[in-house]
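Understanding the architecture of this molecule
Here is what each chain is made of, one letter per residue.
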Amino acid sequence: MSANSAAFFTVRKMVAADIGPTMALASTLKDAPHWPQSVYDAALDPSSTPRRIAIVAVNEVSEIAGFAIASLLPPQAELESIGVRANFQRQGIGTKLLSHLIDELKAAAVSEILLEVRTSNHTGNAFYLVHGFRQIGLRPRYYTEPEDDAILMSVTLG
Ligand SMILES: CC(C)(COP(=O)(O)OP(=O)(O)OC[C@H]1O[C@@H](n2cnc3c(N)ncnc32)[C@H](O)[C@@H]1OP(=O)(O)O)[C@@H](O)C(=O)NCCC(=O)NCCS
């Protein structure tokens, strides 16, 4: 296990002070959504609909290494965004974020997670497949800039 491995990161709820660093991190990941601040503000607002769960992975000096956001419409949820800083990838942090999210979603009576991923995003596809997601549909030309098809995936929570 390297010094940067997931064991050295904790996952916690995203708070307002995390929005700036999370947006900065997302902007470095070409396959993560590049949302404006208003989307993050809504994600942290418990009164906004649909409700969202937003979490971050932080190291011992509180630097954000990753984030994940899901919207809830029980019994379904949509994994809208997940990202890990490039130099921390392949160390289990994405898995730690997903597993934390799944625990929270189960507690909120969610039994199925849906998501869309670019066909060109081989890393995202590999990550989701290894975590049990399966393709349930294809949305041609769903993405723009650059144009791409979306693979619709789903996993049933046990
Ligand atoms: C997808 C992403 C969140 C995965 O985070 P991560 O912390 O690197 O993931 P993990 O280390 O937990 O990987 C778990 C498993 O997923 C698979 N995987 C992850 N990255 C992979 C890659 N580049 N190639 C092939 N398989 C990969 C592997 O099976 C890996 O296990 P292993 O390292 O023991 O082989 C990260 O690559 C990322 O931020 N990508 C850019 C943003 C993005 O595409 N988000 C998804 C669409 S919103």
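Conventions and cut-offs
Residues numbered from 1 in each chain as written. Predicted model: local features only at pLDDT ≥ 70, side-chain atom pairs only at ≥ 80, totals over all residues. Heavy atoms only, no water. Axes fitted to C-alpha atoms, helices over the stretch in contact; angles between N-to-C directions. Helix = DSSP H or I, 4+ residues; strand = E, 2+ residues; numbered from the N terminus. Parallel < 35°, antiparallel > 145°, perpendicular 65-115°, else oblique. Left-handed = near helix turned anticlockwise from the far one by under 90°. Contact = heavy atoms within 4.5 Å. Nonpolar A, V, L, I, M, F, W, Y, C, P; charged D, E, K, R; others polar. Buried < 20%, exposed > 50% of the residue type's maximum accessible area, 1.4 Å probe, protein only. Arc of directions from axis to C-beta. Pairing = 2+ DSSP bridges. Near = heavy atom within 4 Å. Polar contact = N/O pair within 3.5 Å; in protein donor to acceptor, adjacent residues only side chain to side chain. Areas by Shrake-Rupley, 256 points an atom, 1.4 Å probe, with all protein chains shown as cover.

Axis separation between helix 1 (residues 19–27) and helix 2 (residues 37–44) bottoms out at 11 Å; the angle between their running directions is 130°. Relative to helix 2, the element helix 1 lies oblique. Helix 2 is crossed by helix 1, and the crossing has right-handed handedness. Contacts between helix 1 and helix 2 involve I19, T22, M23 and A26 from the former and Q37, Y40, D41 and L44 from the latter. Of the residues belonging to the contact of helix 1 with helix 2, the class tally is five nonpolar, two polar and one charged.

So, on to helix 1. Turning to helix 1, its buried residues number three or more, namely I19, T22, L25 and A26. Along helix 1, the residues classed as buried sweep out an arc of 125° about the axis, all on the same side. Here the buried face of helix 1 lies against helix 2, strand 2 (51–58), strand 3 (64–73) and strand 4 (76–84).

Below, the discussion takes up the pairing of strand 7 (residues 148–156). Taken across its nine residues, strand 7 has seven buried, putting it largely inside the fold. Pairing geometry for strand 5 (residues 112–118) and strand 7, over seven bridges, is antiparallel. Within strand 7, the position partnered with E112 by the bridge is T156. Across six bridges, strand 6 (residues 134–143) lies against strand 7 in antiparallel orientation.

To continue, consider the site of the ligand. Residues in close proximity to the ligand total 19 residues, the closest being V84, R90, G94, T95 and N121. Take Q89: an N or O atom from its side chain is 3.4 Å from an oxygen atom of the ligand. With respect to the ligand, the backbone of G94 contributes an N or O atom lying 2.8 Å from an oxygen atom. Contact with the protein chains hides 76% of the accessible area of the ligand, taken as 920 Å² for the molecule alone. Breaking the shell around the ligand down by element, the ones donating at least two residues are strand 4, helix 3 (93–107) and helix 4 (122–130).

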